[in-house]
Amino acid sequence: MIKIHGFTLIEMLIAIAILGIVASLAIPSYSEYVDRANNADAMSDISAMANTIERFYVANNRYPNGLAEIGANNEEDPWEKKYQYTNVTTNPAGARKDLNNIPINSDYDLYSEGKNKRSSTTLNSSRSLDDIVRGRNGRFIGMAKDY
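As a starting point, this report considers the structure included with it. Quick caveat: nothing in here was measured; it's all calculated off a predicted structure.

As a further point, take the overall build of the protein. A tally of regular secondary structure across the protein gives one helix and four strands. Listing the helices and strands of the protein from first to last along the sequence gives α-β-β-β-β. Over its C-alpha atoms the protein spans a radius of gyration of 23 Å, topping by over 25% the 15 Å that the globule rule assigns to 147 residues. Summarising its shape, the C-alpha atoms of the protein cover approximately 95 × 35 × 20 Å along the three principal directions. Evaluated residue by residue, the protein yields a buried proportion of 33% over its 147 residues. Counting contacts in the protein only where the partners sit at least 6 residues apart, residues at least 24 apart contribute 45% of the total. Carbon and sulfur atoms form 56% of the exposed surface of the protein, whose accessible area is close to 9400 Å². Distance between charge centroids for the protein: 3 Å, based on 16 positive and 18 negative side chains.

See below:
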């Protein structure tokens, strides 16, 4: 008689449970890695656009009225939303504000609405905490919650 070796039901359940535990640990780590990479991409894009805006300012002695003037009106952030821009020198009411209701820039605002794809004019709003912002007239580029 030939003896057939195989896995018992209990052994299969244990193997599936172990795979489930490993997956439950790996998926959040991967999601966190993707979020960090997307944030870094958005910061890099904002920095590059800010450099282009500064070159525009040097050439024209004014900031552009929109991203179309520098050829970046179709630029999308890693979450497939368009970057937001406001010329604060011509539209001071449109300036984004910090926790103390003070504008974060006196020249222009440039930001991504972040992972949740929503934003508010104040950085301390729950809608804005994940935004990637340019603040302090370019001396800060990062997440709104870190501003």
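It is worth spelling out the pattern of salt bridges at this point. Taken as a whole and assessed by the stated rule, the structure comprises seven salt bridges. In this structure, Lys115 and Asp35 form a salt bridge, with 3.1 Å as the shortest nitrogen-oxygen distance. Pair noted here: Lys115 is in the loop between strand S2 (108–112) and strand S3 (132–135) and Asp35 is in helix H1 (residues 9–60), with a separation of 80 residues, a long-range link. Taking the relative accessible area as the measure of exposure, Asp35 reaches 25% and is therefore partly exposed. With a shortest N-O distance of 2.7 Å, Glu69 and Arg62 are connected by a salt bridge. If you follow the salt bridges from partner to partner, you end up with Glu54, Asp107 and Arg134 in one network.

Scanning the model with the defined rule gives five aromatic pairs in all. For the pair Tyr30 and Tyr33, a centre-to-centre distance of 6.4 Å together with 35 degrees between the ring planes defines the contact as tilted. Within this pair, Tyr30 and its partner Tyr33 are both found in helix H1, separated by three residues, close to a single helical turn. A residue is classified by how much of its surface remains accessible, and Tyr30, at 56% relative accessible area, is exposed. Here the aromatic cluster, defined as three or more aromatic residues joined through ring pairs, consists of Tyr57, Tyr63, Tyr85 and Tyr108.

Right, let's talk about a nonpolar patch on the surface for a bit. A cluster of nonpolar residues, Leu9, Ile10, Leu13, Ile14, Ile18 and Val22, forms a patch on the protein surface that exposes about 610 Å² of accessible area. On the secondary structure map, Leu9 appears in helix H1. Residue Leu9 is classed as exposed on the basis of its relative accessible area, which comes to 63%.

With that settled, the discussion passes to H1. Compared with an ideal rise of 1.5 Å per residue, which puts 52 residues at 76 Å, H1 spans 75 Å between its outermost C-alpha atoms and is within 8% of the ideal. Those residues of H1 that fall on the buried side of the exposure criterion are Asn38, Asn39, Ala42, Ile46, Met49, Ala50, Ile53 and Phe56. In this fold, the buried residues of H1 make contact with strand S1 (84–87), S2, S3 and strand S4 (140–143). A positive phi of about 60 degrees marks Asn61, the residue just after H1.

This part covers the sheet that holds S2. Hydrogen bonding along the main chain pairs the strands of a sheet, whether they run parallel or antiparallel. If you trace the four strands from one edge of the open sheet to the other, you get S1-S2-S3-S4, paired in antiparallel fashion. Every interior strand has two partners, whereas the edge strands, S1 and S4, have only one. Averaged over neighbouring strand pairs, the angle between their axes works out to 15 degrees when direction is ignored. Bridge count for S2 against S3 is two bridges, and the pairing is antiparallel. Opposite Ser112, over in S3, you have Ile132 as the bridge partner. In the packing of H1 onto the sheet, contacts are made with S1, S2, S3 and S4, and the angle to S2 comes to roughly 155 degrees.

Each value, and the rule that gives it
- Residues numbered from 1 in each chain as written.
- Predicted model: local features only at pLDDT ≥ 70, side-chain atom pairs only at ≥ 80, totals over all residues.
- Heavy atoms only, no water.
- Helix = DSSP H or I, 4+ residues; strand = E, 2+ residues; numbered from the N terminus.
- Rg over C-alpha atoms; globule rule 2.2 N^0.38 Å.
- Buried < 20%, exposed > 50% of the residue type's maximum accessible area, 1.4 Å probe, protein only.
- Contact = heavy atoms within 4.5 Å.
- Areas by Shrake-Rupley, 256 points an atom, 1.4 Å probe, with all protein chains shown as cover.
- Lys, Arg positive; Asp, Glu negative; His and termini not counted.
- Charge placed at Lys NZ, Arg CZ, Asp CG, Glu CD.
- Salt bridge = Lys/Arg side-chain N within 4 Å of Asp/Glu carboxyl O.
- Phe/Tyr/Trp six-rings, centres within 6.5 Å; stacked < 30°, edge-to-face > 60°.
- Patch = residues over 30% accessible without salt bridge, like charges linked within 9 Å, V, L, I, M, F, W, Y side chains within 5 Å.
- Expected span 1.5 Å × (residues − 1).
- Pairing = 2+ DSSP bridges.
- Axes fitted to C-alpha atoms, helices over the stretch in contact; angles between N-to-C directions.

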